[in-house]
Amino acid sequence: MCSSDLQVSGEILTRWHAGESCHADRSELAKMYPWTEHGRAALYDDIQAFKNDAFVQAAVPRVLSVLLALASGSDHHCALTAPGVRHVWPLLAVEEWRQTTLELICEWSQRAISARALAEFAARYPEHLRLLLEPATQATKENLQPPGFESRAKKAAQLLERGERTVDEAMESVFEGLQVQSPAELAVSALGNICLAGQGNPAFREKMAPLCDELVGGLRQHLRPMSWRLCGRTAGALCNIVRLGADFAEAVQEKCLPALIEALKEEHGGDENKDRRDVIKQLKAQGPGGMPSPFTGTCSARLLGALVNLLVVRPVSAAQALELGALELCVPLIDPDAAAATFVASKLLPAAGLGDASLAFLAGRWITTSSSLSLESSLYFDLAGLAGGGLAS
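All figures in this text were calculated on a predicted structure; none of them were measured in a lab.

**Topic: the overall build of the protein chain**
Right, so step 1: When helices and strands are counted, the protein chain shows 24 helices and zero strands.
Right, so step 2: Buried positions account for 45% of the 393 residues belonging to the protein chain.
Right, so step 3: In the protein chain, 75% of the contacts between residues at least 6 apart in sequence involve partners at least 24 apart.
Right, so step 4: Approximately 19,700 Å² of the protein chain is accessible, and the part contributed by carbon and sulfur atoms is 55%.

This is the structure we're talking about:
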C-alpha cells in the first residue's frame, strides 16, 4: 500500500465520521466505511480500483490536458475551468497523473478567480492539502528532478558515447529536459499563490495553521545559495506565507531568516562564488541551438522581497536581521537611478516581472523600513558609516 494514499484515506474517513466533511453523502459514506482499520483499508481498495478502471485511465489524462490548455489560454477561460478544482486536486494522489495535475493547479493559482477557488477548496477539504505539501517539502529525487530527466540524460550520454549524437545535440536534449518544471517547483509556486489568495479567508488560515511548522520547515531546505530552480520560488512563496498570521511570520523568522540572508550574501558577496555566478549568467543568456535557457539567473530580488515582507509583518525581526548582517548587505545594492526607475515601473506595470532591476528599490525599502521601526541610534550611525566612511568627529 502507498503510505500517502493510505493516510489520505484515513483522513477522509475521519472527516466523514466526525461530521466535518462537506460531502453531500457523508452520512451514507460513513455507514459504508466504518471508522476502523478495516474500513480504512476498504476505502483505500475502492479508490485503487477506481484508479485502475480502463475508462478512467483513458479519460483523465485527456481531460487534464484540455483543462490545462484552457486555463493557460486566458483569464476568461481559466475562470470557466475553476469549478473543476474540487475534481482535479484529489488526482495528485495518482502518480501517473501528478505532474499534469500540478501543472494545472499551478496555472490556476496564478489567476485571481481560480486561485480563490483553490483556497476555498483547501479550506473545505484540508485533508487534500498534504497532497500539495508533500512535493513542496519532501526533498526526494522524484520531487526535485523534472519528470523523466534522469533517463533523458542517460540516453543522451549513451548516444554521445556511441557517436550517434554530437555534443551540441546531446546538450540540447538535456536542456529540453530542464525546460520542464519539477514537482517541487510547481508545488512551491502553487502553495505561495494559494496562500496569497487565501490570506483573507479565515477558514483557509485556520486549516493552514496546523501545517505551519511542517510547511515553513520544509521550504527552508530549498533556500540554498545559487539554487537557480528553487531558491527564488521558495523566497517568493515565503513573501505570501508570512501574511497568513503571526504564527507563520514567527516561524519564517525562526527557520528561514538566517537562510534568506545567507543566500543573499552568497549571491552578491565574496569572490569564491564569482565563477558560479558568471556560469549561471552565461547559461541564462544562451542555451544550445538558440533554445531559451531554463537557468533563471540570480534570485536576489525575491530574497529581498521576502525580507521586506517579513519586516513589515513582523517588525521585531529587524534586530535579528541586523545582527546577521542585512544592513551591510543591502546598502551596497542601492543605486538611486535604478531604484527610481524600478519604482516608476512598479507603479505603471504592477504585475510586470521586474527581475534584478528591482534590487535597488527593494534594498532601499528594507533599509528605510527597518530604520523607521528601530529606536536605536546605532542603526543610523551604521548607515552613515557605510554610506560616507564614518561620522566627522
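That covers the picture; the talk isn't over yet.
**Concerning the pattern of salt bridges**
Right, so step 1: Within the structure shown, the criterion is met by 10 salt bridges.
Right, so step 2: Here Glu107 makes a salt bridge to Arg111, at a shortest N to O gap of 3.2 Å.
Right, so step 3: For Glu107, a relative accessible area of 16% gives the class buried.
Right, so step 4: Classification of Arg111 as buried rests on a relative accessible area of 17%.
Right, so step 5: Taken together, the shared-partner salt bridges connect Asp75, Glu107 and Arg111 into one network.

**Some words on the packing of aromatic side chains**
Right, so step 1: Tallied over the full model, the rule gives two aromatic pairs.
Right, so step 2: Their ring planes at 40° and their centres at 5.0 Å tell us that Phe121 and Tyr125 sit as a pair that is tilted. There is no split in this pair, since Phe121 and Tyr125 are both buried.

**Quick word on the nonpolar core**
The nonpolar side chains of a soluble globular protein tend to be buried with one another.
Right, so step 1: Trp89, Trp108, Leu132, Phe204, Ile241 and Leu303 are the most contacted members of the largest nonpolar core, which totals 85 residues.
Right, so step 2: Of the residues forming this core, the biggest block, 10 residues, is contributed by helix H17 (residues 246-268).
Right, so step 3: The residues touching Trp89, leaving out its near neighbours within four places in the chain, are Ile105, Leu118, Phe121, Ala122, His128, Leu129, Leu131, Leu132 and Ile194.
Right, so step 4: Counting residues in hydrophobic clusters, the runner-up holds five residues, among them Phe149, Ala156, Val174 and Leu178.

**A closer look at helix H13 (residues 183-198)**
Right, so step 1: Counted at 1.5 Å a residue, the expected span for H13 with its 16 residues is 22 Å, and the 22 Å between its end C-alpha atoms agrees.
Right, so step 2: Most of H13 sits inside the fold, with 13 of its 16 residues counted as buried.

**Details of a nonpolar patch on the surface**
Right, so step 1: A cluster of nonpolar residues, Leu160, Val167 and Met171, forms a patch on the protein surface that exposes about 250 Å² of accessible area.
Right, so step 2: When you line up the elements, Met171 lands in helix H12 (residues 167-178).
Right, so step 3: Look at Met171 and you get partly exposed, because its relative accessible area is 37%.

Rules behind the numbers
Residues numbered from 1 in each chain as written. Predicted model: local features only at pLDDT ≥ 70, side-chain atom pairs only at ≥ 80, totals over all residues. Heavy atoms only, no water. Helix = DSSP H or I, 4+ residues; strand = E, 2+ residues; numbered from the N terminus. Buried < 20%, exposed > 50% of the residue type's maximum accessible area, 1.4 Å probe, protein only. Contact = heavy atoms within 4.5 Å. Areas by Shrake-Rupley, 256 points an atom, 1.4 Å probe, with all protein chains shown as cover. Salt bridge = Lys/Arg side-chain N within 4 Å of Asp/Glu carboxyl O. Phe/Tyr/Trp six-rings, centres within 6.5 Å; stacked < 30°, edge-to-face > 60°. Core = buried A, V, L, I, M, F, W, Y, C linked by side-chain atoms within 4.5 Å. Expected span 1.5 Å × (residues − 1). Patch = residues over 30% accessible without salt bridge, like charges linked within 9 Å, V, L, I, M, F, W, Y side chains within 5 Å.

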